[in-house]
Amino acid sequence: MIKNLDKSKLPKHVAIIMDGNGRWAKLRGLPRVFGHREGAKTVEKTIRFARNVGIKHLSLFAFSTENWGRPKDEVNAIFGLLVDYINSKIDELKELGVRLRFMGRIEELPDYIKESVKKGEEETSSGKDMDLIVALNYSGKAEIIDAVKKAVLEGRNINSEEDFRNLLYLPDLPDVDLLIRTSGEIRISNFMLWQIAYSELYFTEVLWPDFNEREFTKALLDYQYRERRFGKI
Ligand code: IPE
Ligand code: IPE
Ligand code: MG
């Protein structure tokens with residue numbers, strides 16, 4: 001299936017709402033955290049695949065500002081997996097030429113996470129093959145509020161889309177071409193509201209731990225047959 005991919009029609013920026021870890025575990029009679037652990041393995045494979053296929057920016061929704069409403073144990077388990085992932089995969093990301101970046105209200109997170117985030121960003125900063133953006137303590141509305149606050153605080157004028165983009169967490173990040181959501185939910189859940197204004201949307205029933213190269217390829221092939229008109233004819 002991969003060989004059917006037309007490299008000239010690849011999305012440059014793919015964003016993924018990785019959903020369904022809890023249900024994956026529940027189906028197996030396991031605690032939710034097992035689903036998150038399995039989901040972390042999918043993250044690793046997805047990054048490698050995206051980079052090898054030639055995606056330039058991959059954005060992953062890891063933890064939303066709304067996810068604080070979950071039980072404390074689950075929140076801690078998610079952060080634990082994330083920090084383990086960053087700490088253990090830095091060398092691998094460097095070898096792959098992947099630059100790790102974060103977006104969200106990172107400053108609100110506990111010190112051990114902030115340190116890990118900083119280290120991950122610094123050590124992979126020379127990666128040229130793919131940007132990996134991890135949305136952490138992130139929501140699209142919070143990003144817009146933070147942009148407006150920054151504009152007011154710094155007395156910046158907003159006369160164009162470009163002016164506003166420059167106030168976002170990662171101003172150089174291009175708009176999302178393809179947004180994928182797993183687990184059958186047909187909603188955006190406050191992800192990247194500004195950047196998905198003209199994205200192609202792809203929803204699959206597959207739960208995040210079961211998402212694989214084949215499923216990713218299906219989404220990319222689907223994208224290649226979309227006609228992006230941007231209001232024109
Ligand atoms: C996505 O899986 C992971 C995070 C939100 C961190 P969920 O934990 O939301 O899984 P479901 O939706 O309950 O199955
Ligand atoms: C969205 O999934 C957030 C992440 C994938 C991190 P949720 O499971 O939190 O979304 P809702 O609550 O079903 O909309
Ligand atoms: Mg969910």
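Sequence order as written defines residue numbering, which begins from 1 separately in each chain. The order in which chains are written sets their letters, starting at A; the order in which ligands are written sets their numbers, starting at 1. In view of the model being predicted, local features appear only for residues whose pLDDT reaches at least 70, and side-chain atom pairs are presented and counted only at 80 or more, with totals across whole chains, interfaces and linings using the full set of residues. For the side-chain quantities, the full set of heavy atoms in the structure was used; hydrogens and water were omitted.

Draft legend 1. Up close: the environment of Val43. Counting through the fold element by element, Val43 comes out in helix H2 (residues 32-53). Per-residue accessibility, obtained with a 1.4 Å probe over protein chains only, is compared with the maximum for each type, and a residue is labelled buried under 20%, exposed over 50%, and partly exposed between these values. Its relative accessible area of 14% is what places Val43 among the buried residues. Between the C-alpha atom of Val43 and that of Met18, which follows or precedes it by 25 residues, the distance is 8.7 Å. Throughout, a contact is declared for two residues whenever any of their heavy atoms are within 4.5 Å. Beyond its immediate sequence surroundings of up to four residues, Val43 is in contact with Met18, Leu60 and Trp208. Counting from the N terminus, the helices are DSSP H or I runs at least four residues long and the strands are E runs at least two residues long.

Draft legend 2. Geometry of the packing of aromatic side chains. Each Phe, Tyr or Trp ring, with Trp reduced to its six-membered ring, pairs with another whose centre is within 6.5 Å; inter-plane angles below 30 degrees give stacked pairs, above 60 give edge-to-face pairs, and intermediate values give tilted ones. Applying the stated criterion to the full structure yields 12 aromatic pairs. Plain terms: the ring middles of Phe63 and Phe79 are 4.7 Å apart, the flat faces sit at 45 degrees to each other, and that makes the pair tilted. Linking Phe63 in strand E2 (residues 57-64) with Phe79 in helix H3 (residues 72-96), this pair joins segments that are 16 residues apart in sequence. Across the pair, Phe79 and Phe63 agree in class, each one buried. Plain terms: the ring middles of Tyr138 and Phe191 are 5.8 Å apart, the flat faces sit at 85 degrees to each other, and that makes the pair edge-to-face. Pair noted here: Tyr138 is in strand E4 (residues 130-138) and Phe191 is in the loop between strand E5 (178-181) and strand E6 (200-203), with a separation of 53 residues, a long-range link. Accessibility classification places Tyr138 together with Phe191 in one group, the buried group. Taken together, the ring pairs connect Phe49, Trp208, Phe211 and Phe216 into an aromatic cluster.

Draft legend 3. Summary view of the sheet that holds E5. With respect to topology, 6 strands assemble into an open sheet ordered E3-E4-E2-E1-E5-E6, the strand pairing being parallel. Across the chains shown, the open sheet's two edge strands, defined by having one partner strand only, are strand E3 (98-103) and E6. For this sheet the average axis-to-axis angle between neighbouring strands, irrespective of direction, equals 20 degrees. Pairing between two strands requires that DSSP report at least two bridges joining them. Looking at chain direction, strand E1 (residues 13-17) and E5 are connected through 4 bridges and run parallel. Residue pairing in the sheet places Val14 in a bridge with Leu178 of E5. Every axis in this analysis is a line fitted to C-alpha atoms, fitted for helices over the stretch in contact. Angles between the N-to-C directions lie between 0 and 180 degrees.

Draft legend 4. Highlighting the site of ligand 1. The full set close to ligand 1 counts 13 residues, and Asp19, Gly22, Arg23, Arg32 and Arg70 are the nearest of them. Here a polar contact means two N or O atoms within 3.5 Å. Within protein one must be a hydrogen donor candidate and the other an acceptor candidate, and residues neighboring in sequence count only if both atoms are side-chain atoms. In this structure, Asp19 approaches ligand 1 through a side-chain N or O atom, which is 2.8 Å from an oxygen atom. In the model, an oxygen atom of ligand 1 is placed 3.1 Å from a nitrogen or oxygen of the Asn21 main chain. Surface burial for ligand 1 is 86%, taken as the share of its 380 Å² of free accessible area covered by protein chains. Mapped onto the shell around ligand 1, the elements with two or more residues apiece are helix H1 (21-27), H2 and H3. With 3 residues, the single largest contributor to the shell around ligand 1 is H1. Each residue gets one of three labels, nonpolar for Ala, Val, Leu, Ile, Met, Phe, Trp, Tyr, Cys and Pro, charged for Asp, Glu, Lys and Arg, and polar for the others, Gly among them. Of the residues belonging to the shell around ligand 1, the class tally is 3 nonpolar, 5 polar and 5 charged. Working definition: residue near molecule or strand if any one of its non-hydrogen atoms lies within 4 Å of it. Computed with a 1.4 Å probe, the accessible areas rest on the Shrake-Rupley method; for each residue, only the protein chains presented here act as cover.

Draft legend 5. Highlighting the pattern of salt bridges. Here, a salt bridge means any side-chain nitrogen of Lys or Arg that lies within 4 Å of a carboxyl oxygen of Asp or Glu. Within this structure, the stated rule accounts for 26 salt bridges. Its salt-bridge partner being Asp19, residue Arg23 comes within 3.4 Å of it at the nearest N-O pair. A salt bridge links Arg105 to Asp146; the nearest nitrogen and oxygen atoms lie 2.9 Å apart. Linking Arg105 in the loop between E3 and helix H4 (111-123) with Asp146 in helix H5 (residues 140-153), this pair joins segments that are 41 residues apart in sequence. When sorted by exposure, Arg105 lands in the same class as Asp146, which is buried.

Draft legend 6. Region of interest: the site of ligand 2. Residues in close proximity to ligand 2 include Ile17, Met18, Asp19, Phe61, Ala62, Phe63, Asn67, Arg70, Arg181, Arg187 and Ser189, which together make up its full environment. For ligand 2, an oxygen atom lies 3.2 Å from a polar atom in the side chain of Asp19. Side-chain polar atom of Arg70 to an oxygen atom of ligand 2: 3.2 Å apart, as the coordinates give it. Here ligand 2 loses 78% of its free accessible area of 390 Å² to cover by the protein chains. No other element matches the 3 residues that E2 contributes to the shell around ligand 2. Of the residues assigned to the shell around ligand 2, the class counts are 5 nonpolar, 2 polar and 4 charged.

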